[in-house]
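# Coordinates in review
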Amino acid sequence: MHIATWNVNSLKVRLPQVLTWLAAHPIDVLCLQETKLIDERFPEAELSAAGYVSAFSGQPTYNGVAILCRRDTVGIPTEVVHGNPLFADEQKRLISATVAGIRVVCAYFPNGQAVGSDKYDYKLRWIDALIDWVSPQVATQPIALLGDFNIAPAAEDVHDPAAWEGQVLCSEPERERFRKLAAAGLIDAFRQFPQAERSFSWWDYRQLGFRRNAGLRIDHIMVDQTTATRLVGCRIDREPRKLPQPSDHAPVLAELRSA
DNA sequence: ATGGCTGCTTTGAGCAGA
């Protein structure tokens, strides 16, 4: 079973790439962020024709998340929950569902804009509420938290740690919250395996960021300890970032052996 | 040097992203 996460930065623009990627890889569960589509415009029919059933939660212009489930392997997502019951939020950043016995939480963490800003404040409060909501669930069921965390957890996840020191995405309060998720029992799947140095999941569109590999690792797959024992591998697929008109993020995928 | 891209928006300059 393969699970994956991809911030597509507009599903309207990226749908052809998503369909091509799904056709080329045996993905059973794909979490999407920044769909930027209202629910009426979600391409449910196209994805269904490709074999995927979707749970989605969108709004105009910004945010928007979805969980795509391969119908013939994992079936339809059940017990779909929109948002965090502990945090009233007009922004559509969170959707969760049970898929193949795993509680799948698809998250688009706030960006935070700049340390000290109102948006940064909102980011920290949003993450605190996520921790409060998810932590008690970790011990009780198999769970996977996938998405764009907008946190580079450590210096090795940053192309230029000195330049990013203390900046948004790398600040200590953000990293502390990432560690809190780990302390709640969630394991960073990517770091369970040997990885190339300078492995990133996002590169700035500007200044030839991708060509220079000037990136950050901010998209993550975290799983509970029992589910972690099923992990076969976890990697970032840089290939879609090389296509014309790419998302600025690359997909992250993990393979789980049968329970 | 706070720009540089990209996608979005009651179409067109301003916002947000990271």
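In this report, we go over the structure that sits alongside the text. (Residues numbered from 1 in each chain as written. Chains lettered and ligands numbered in written order. Predicted model: local features only at pLDDT ≥ 70, side-chain atom pairs only at ≥ 80, totals over all residues.)

## As for the overall build of chain A
Scanning chain A from N- to C-terminus turns up 6 helices and 14 strands. The C-alpha radius of gyration computed for chain A amounts to 17 Å, which stays within 12% of the reference 18 Å derived for 259 residues, consistent with globular compactness. Along the longest, intermediate and shortest principal axes, the C-alpha atoms of chain A span 45 × 45 × 40 Å. Counting every position in chain A, which comprises 259 residues, the buried fraction comes to 44%. (Helix = DSSP H or I, 4+ residues; strand = E, 2+ residues; numbered from the N terminus. Rg over C-alpha atoms; globule rule 2.2 N^0.38 Å. Buried ≥ 20, exposed ≤ 12 C-beta atoms within 10 Å, placed from the backbone.)

## Examining the environment of Ala129
By the secondary structure assignment, Ala129 is in helix H3 (residues 118–138). Classification of Ala129 by C-beta neighbours within 10 Å gives partly exposed; the count is 18. Residues Ala129 and Lys12, spaced 117 residues apart in sequence, show a C-alpha to C-alpha distance of 30 Å. Once you skip the residues sitting within four places of it in the chain, Ala129 turns out to touch Asn84, Leu86 and Phe87. (Contact = placed C-beta atoms within 7 Å.)

## Side note on the protein's contact with DNA strand B
The environment of DNA strand B is formed by 22 residues, the closest being Ser10, Lys12, Asn111, Tyr205 and Arg206. Class assignment of the residues belonging to the surface near DNA strand B gives a composition of 7 nonpolar, 9 polar and 6 charged. (Near = placed C-beta within 6 Å. Nonpolar A, V, L, I, M, F, W, Y, C, P; charged D, E, K, R; others polar.)

## Remarks on helix H1 (residues 11–24)
Taking 1.5 Å per residue, 14 residues should reach 20 Å; H1 reaches 18 Å between its end C-alpha atoms and fits that length. A bend of about 30° at Gln17 is the largest found in H1. Turning to H1, its buried residues are Leu11, Arg14, Val18 and Trp21. On the buried face of H1, the contacting elements are strand S2 (29–33). (Expected span 1.5 Å × (residues − 1). Bend = angle between axes of the 7 residues up to and from the residue.)

## Let's talk about unusual backbone geometry
The phi torsion at Asn63 lies on the positive side, around 60°, for a residue other than glycine. Looking at the element boundaries, Asn63 is found in the loop between strand S3 (52–57) and strand S4 (65–70). C-beta crowding within 10 Å serves as the criterion here: with 21 such atoms nearby, Asn63 is assigned to the buried category.

## What to know about the pairing of strand S7 (residues 102–108)
Across the 7 residues of S7, 7 count as buried, placing the element largely inside the fold. Of the two faces of S7, both are covered, the one formed by Ile102, Val104, Cys106 and Tyr108 as well as the one formed by Arg103, Val105 and Ala107. Hairpin connection of strand S6 (residues 94–99) to S7: 2 residues between the antiparallel strands, including Ala100 at a positive phi of 50°. Two elements, S7 and strand S8 (residues 143–148), share 6 bridges in a ladder whose sense is parallel. Pairing of Ala107 across the sheet is with Gly147, part of S8. Chirality of the crossover, the property in question, places the unit of S7, H3 and S8 among those that are right-handed. (Pairing = 2+ DSSP bridges. Right-handed = clockwise from strand over helix to strand, strands pointing away.)

## Some details on the sheet that holds S7
Pairing in this open sheet of 6 strands is mixed, and the strands run S5-S6-S7-S8-S12-S9 from one edge to the other. The open sheet terminates on both sides in strands that have one partner only, identified here as strand S5 (78–82) and strand S9 (187–188). Where S5 lies against S6, 3 bridges are found, and the strand directions are antiparallel. Following the sheet pairing, His82 is matched in S6 by Ile95.

## Comments concerning the nonpolar core
One finds Ile3, Ile67, Val104, Ala144 and Ile221 to be the most contacted residues of the largest nonpolar core, which totals 69 residues. With 6 residues, the top contributor of residues to this core is S7. Ignoring sequence-local partners within four residues, the contact set of Ile67 consists of Val29, Cys31, Ser54, Ala55, Pro77, Ile95, Ala97, Val104 and Cys106. (Core = buried A, V, L, I, M, F, W, Y, C linked by C-beta atoms within 7 Å.)

## Remarks on the packing of H3 against helix H5 (residues 172–183)
For the pair H3 and H5, interaxial distance at closest approach is 10 Å and the crossing angle is 10°. With respect to each other, H3 and H5 are oriented roughly parallel. Between H3, through Leu124, Ile127 and Ile131, and H5, the contact on the second element is made entirely by Pro173, Arg177, Lys180 and Leu181. Here the contact of H3 with H5 is composed, by residue class, of 5 nonpolar, no polar and 2 charged. (Axes fitted to C-alpha atoms, helices over the stretch in contact; angles between N-to-C directions. Parallel < 35°, antiparallel > 145°, perpendicular 65-115°, else oblique.)

## A short note on the sheet that holds strand S13 (residues 231–236)
A sheet is described by the order of its strands in space; here 6 strands give the open sequence S3-S4-S2-S1-S14-S13, paired in mixed fashion. The open sheet terminates on both sides in strands that have one partner only, identified here as S3 and S13. Taking each pair of neighbouring strands and ignoring which way they run, the sheet shows an average axis angle of 15°. Bridging between S2 and S4 involves 5 bridges; their strand directions are antiparallel.

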